[in-house]
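Descriptive analysis of the structure
Spelled out from the first residue to the last, the chains are:
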2 protein chains.
Amino acid sequence: MNEFWKDFPVIQQQLNETCDLIKHQVKVRNKDIEQALIDLTCSGGKLLRPAFFFLFAQIGDKQKQDHQQLLKIAASIEILHMATLVHDDIIDDSPLRRGAATIQSRYGKDIAVYTGDLLFTEFFELLADTMNGSDFLHTNAVAMKRLLLGELDQMHTRYKKNITVFDYLRSVNGKTAELFSLSCLEGAHFGYANKEIQRLAARIGRNIGIAFQVYDDILDYSADSKTLKKPVLEDLAQGVYTLPLIFAIQKAPEHFYPYLEKKSDISIEEAIELGQLVHKYDGVTDAKNFAKKVTEKALFDIQKLPDCLGKNQLEQLTQLLLQRSF
Amino acid sequence: MNEFWKDFPVIQQQLNETCDLIKHQVKVRNKDIEQALIDLTCSGGKLLRPAFFFLFAQIGDKQKQDHQQLLKIAASIEILHMATLVHDDIIDDSPLRRGAATIQSRYGKDIAVYTGDLLFTEFFELLADTMNGSDFLHTNAVAMKRLLLGELDQMHTRYKKNITVFDYLRSVNGKTAELFSLSCLEGAHFGYANKEIQRLAARIGRNIGIAFQVYDDILDYSADSKTLKKPVLEDLAQGVYTLPLIFAIQKAPEHFYPYLEKKSDISIEEAIELGQLVHKYDGVTDAKNFAKKVTEKALFDIQKLPDCLGKNQLEQLTQLLLQRSF
């Protein structure tokens, strides 16, 4: 984590404190699992969502802020994210997450199910502790629901050869953008920024989340197709059809359908051919252009924020994260 | 459900309304899953926890009660229970629950993980709706955590041949008694009973929960051992050692250890022999006596409640449920 944040010392410090709080909060009787959870968060992850939360808090009114409350809310966001990661790894049967073995692969599905559940309770406990009596309790319940519905939507559109951009965005909006949006909104709200800034924060977070996911999905197709990386095969074999593929399919469905109709029986060679087809029909280029437009929307809204260090760093981070060169 | 409650018409009516609310609340895009969830609750289950909730609410101050709030809290309790059932079935790989196919066996673990998660969000949403600003938000977060820790405790003591009564009770206290206790406590609290009644309610609920679980575990051993029912094998093969077995082991560990050391490799014949040994060393009788004592504690506390229909029905239900003849 540390290396990524070296140009953002204030955020780095706040994220370190958030990690300490998560370590303190996540207590289970089995010490191996506890360590696995801490490794997942504080070594493997960037804590991006808490970072956006703190950046928006910086734009608020520092005089009024409760530092402990902010730390706990930041931790609640990351813990909710962790819970969904642990459960996603069960569904994907993923051996690795962030370079380390998943809870599922190390301890089996039994432990993974309960570990994720336990993280939900930690999330819930932190909310009961920080926002009891606030409308944000309901906001969080709804966000958690949308997050899960996004995952379920993705599952329901698996192997759907005529999957639309709308299907894709509906799922991404839930599974990824919702939590980015909530992070920014909560940073602005609990940082005592005004209503207009809160409104902007929610929208900026949503666009950052969408662009983040699209770039992540592009990575699966940006590897040299001759030395095809495992993720491409994994996504395709599991029937998760993402934006580069969707854009490409729409240009020449007749070339893609024979491959897609094989569903999970697609061979490595066929997956490589499919990857080449995605490039041939500009799927990656089109997806990049899409992500670029969404990023520009976010940057445009960031310009409307009041001038301050938080705003500058927000702009810098958004560009660092979303305007990567491929 | 209806048949069980025929002698409790007021409760029956309230449980029907709770079911209607659950049906309204549990909405997922996949209609099959929605139906499976509704079947699980409103056909298969007795809604025991909401029933105890409503019985304690009857003891409170009806003038002050908010009927809609009570219904929603009753639904939140049952939905939390449903969530844990759906996830437990993943871990146990159970084909059947309440005579119907489990979500896991019908739709696979992927759907089962998310369905359980989704139920957690529904639970959370109902709490945000009914007790925002109340200390009970925290009480619920803690209860949910204890419930899961009870399940984890059970998992950690699997195949533990020297498992103690303390190990067993610690797990039961979390996985079963906690939610019974919360149901009774919330009924008293949100039904506007006084503090003393609330304190009694929590204790009565805890004892009812413990006795309920012990009787449930006795059922596994009360089948004729020659026509051994599947549950015995399942529990033993999965290394879940319950009170009848624990009591028997303590009397003659040397007779039990050779069987238990086989762990999941125990054969059907050996499991039958083990069941006979449990009877031989009075494991079932001792467990019944234990459950009887715990039930008597609950009934003793029920006597301290103010005289009213709720009290009478509470006594009747507790006896119906816990003083079964074997």
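Just above sits the structure.
Owing to the predicted nature of the structure, the values given are computational and were not obtained by experimental measurement.

A few points about the packing of helix H4 (residues 67-92) of chain A against helix H6 (residues 136-156) of chain A
Residue and element names in this part refer to chain A. Relative orientation of the contacting elements H4 and H6 amounts to 20°, with a least axis distance of 12 Å. Here H4 lies roughly parallel to H6, going by the angle between them. When the axes of H4 and H6 are compared, the crossing they make is right-handed. Contacts between H4 and H6 involve Leu-80, Thr-84, Asp-88 and Ile-91 on the former and, on the latter, Met-144, Leu-147, Glu-151 and Met-155.

Here's the deal with the packing of aromatic side chains
Inspection of the entire model under this criterion finds 22 aromatic pairs over all chains. Taking 5.3 Å as the distance between ring centres and 50° as the angle between the ring planes, the aromatic pair formed by Phe-180 of chain A and Phe-212 of chain A counts as tilted. Of the two residues, Phe-180 of chain A is situated in helix H7 (residues 165-190) and Phe-212 of chain A in helix H8 (residues 195-222); the sequence distance between them amounts to 32 residues. The interplanar angle of 85° and the centroid separation of 6.5 Å between the aromatic rings of Tyr-159 of chain B and Tyr-241 of chain B together place this pair among those described as edge-to-face. You can see Tyr-159 of chain B sitting in the loop between helix H6 (136-156) and helix H7 (165-190) and its partner Tyr-241 of chain B sitting in the loop between helix H9 (230-237) and helix H10 (243-251), a full 82 residues away along the chain.

So, the nonpolar core
With 232 residues, the main nonpolar core has Phe-256 of chain A together with Leu-245 and Phe-256 of chain B as its most contacted residues. Of the residues that make up this core, three or more belong to each of domain 1 (1-130) and domain 2 (143-326) of chain B. Setting aside residues no more than four positions away along its own chain, Phe-256 of chain A makes contact with Leu-245, Ala-248, Ile-249, Leu-274, Leu-277, Val-278 and Tyr-281 of chain A.

Description of helix H2 (residues 31-44) of chain B
Residues and elements named next belong to chain B. For H2, with 14 residues, the first-to-last C-alpha span of 18 Å sits near the 20 Å given by 1.5 Å per residue. Taking the largest bend as the criterion, H2 deviates by roughly 25°, centred on Ile-38. Of the positions making up H2, those classed as buried are Ile-33, Glu-34, Ala-36, Leu-37, Ile-38, Leu-40, Thr-41 and Cys-42.

Looking at the relation of the copies chain B and chain A
Rotating chain B by 180° and moving it 0.0 Å along the rotation axis overlays it on chain A with an RMSD of 0.0 Å. The operation mapping one copy onto its partner corresponds to a two-fold rotation axis. Residue Gly-133 of chain B, judged by its C-alpha, is the member of chain B lying nearest the rotation axis, at 1.9 Å. Looking at the interface residues of chain B, 100% of them are also at the interface in chain A, so both copies use one shared face.

A word on the interface of chain B and chain A
Taken together, the contacts link 45 residues of chain B with 45 residues of chain A. Carbon and sulfur atoms make up 68% of the surface buried where chain B meets chain A, a total of about 4200 Å² over both sides. Sorting the residues of chain B by area buried against chain A places Arg-29, Tyr-114 and Phe-124 of chain B first, and these three jointly supply 19% of that buried surface. Between the two partners, chain B and chain A, sit four salt bridges. Put simply, Glu-125 of chain A and Lys-145 of chain B hold a salt bridge, and the shortest N to O gap is 3.1 Å.

Things to note about the packing of helix H5 (residues 103-130) of chain A against H6 of chain A
All names here are of chain A. Contact geometry for H5 and H6: axes closest at 11 Å, N-to-C directions at 160°. One element, H5, and the other, H6, form an angle in the roughly antiparallel class. Judged by the twist between their axes, the crossing of H5 over H6 is right-handed. Of H6, the residues touching H5 (which contributes Phe-120, Phe-123 and Leu-127) are Leu-137, Asn-140 and Met-144.

Concerning H6 of chain B
The terminal C-alpha atoms of H6 of chain B lie 30 Å apart, and with 21 residues this matches the ideal 30 Å at 1.5 Å per residue to within 8%. Within H6 of chain B, 16 of the 21 residues are buried, which leaves the element mostly enclosed by the surrounding structure.

Structural notes on the state of the cysteines
Residues and elements named next belong to chain B. Taken as a whole, this structure holds zero disulfides over all chains when the rule is applied. Unpaired in this structure, Cys-184 has its nearest cysteine sulfur neighbour in Cys-308, at a distance of 14 Å. Of the residues examined, Cys-184 reaches a relative accessible area of 0% and is grouped as buried.

The rules behind each value
- Residues numbered from 1 in each chain as written.
- Chains lettered and ligands numbered in written order.
- Predicted model: local features only at pLDDT ≥ 70, side-chain atom pairs only at ≥ 80, totals over all residues.
- Heavy atoms only, no water.
- Axes fitted to C-alpha atoms, helices over the stretch in contact; angles between N-to-C directions.
- Helix = DSSP H or I, 4+ residues; strand = E, 2+ residues; numbered from the N terminus.
- Parallel < 35°, antiparallel > 145°, perpendicular 65-115°, else oblique.
- Left-handed = near helix turned anticlockwise from the far one by under 90°.
- Contact = heavy atoms within 4.5 Å.
- Phe/Tyr/Trp six-rings, centres within 6.5 Å; stacked < 30°, edge-to-face > 60°.
- Core = buried A, V, L, I, M, F, W, Y, C linked by side-chain atoms within 4.5 Å.
- Buried < 20%, exposed > 50% of the residue type's maximum accessible area, 1.4 Å probe, protein only.
- Domains from an automatic or database assignment.
- Expected span 1.5 Å × (residues − 1).
- Bend = angle between axes of the 7 residues up to and from the residue.
- Least-squares fit on C-alpha atoms with pLDDT ≥ 70 in both.
- Buried area = accessible area lost by both parts, 1.4 Å probe.
- Salt bridge = Lys/Arg side-chain N within 4 Å of Asp/Glu carboxyl O.
- Disulfide = S-S within 2.5 Å.

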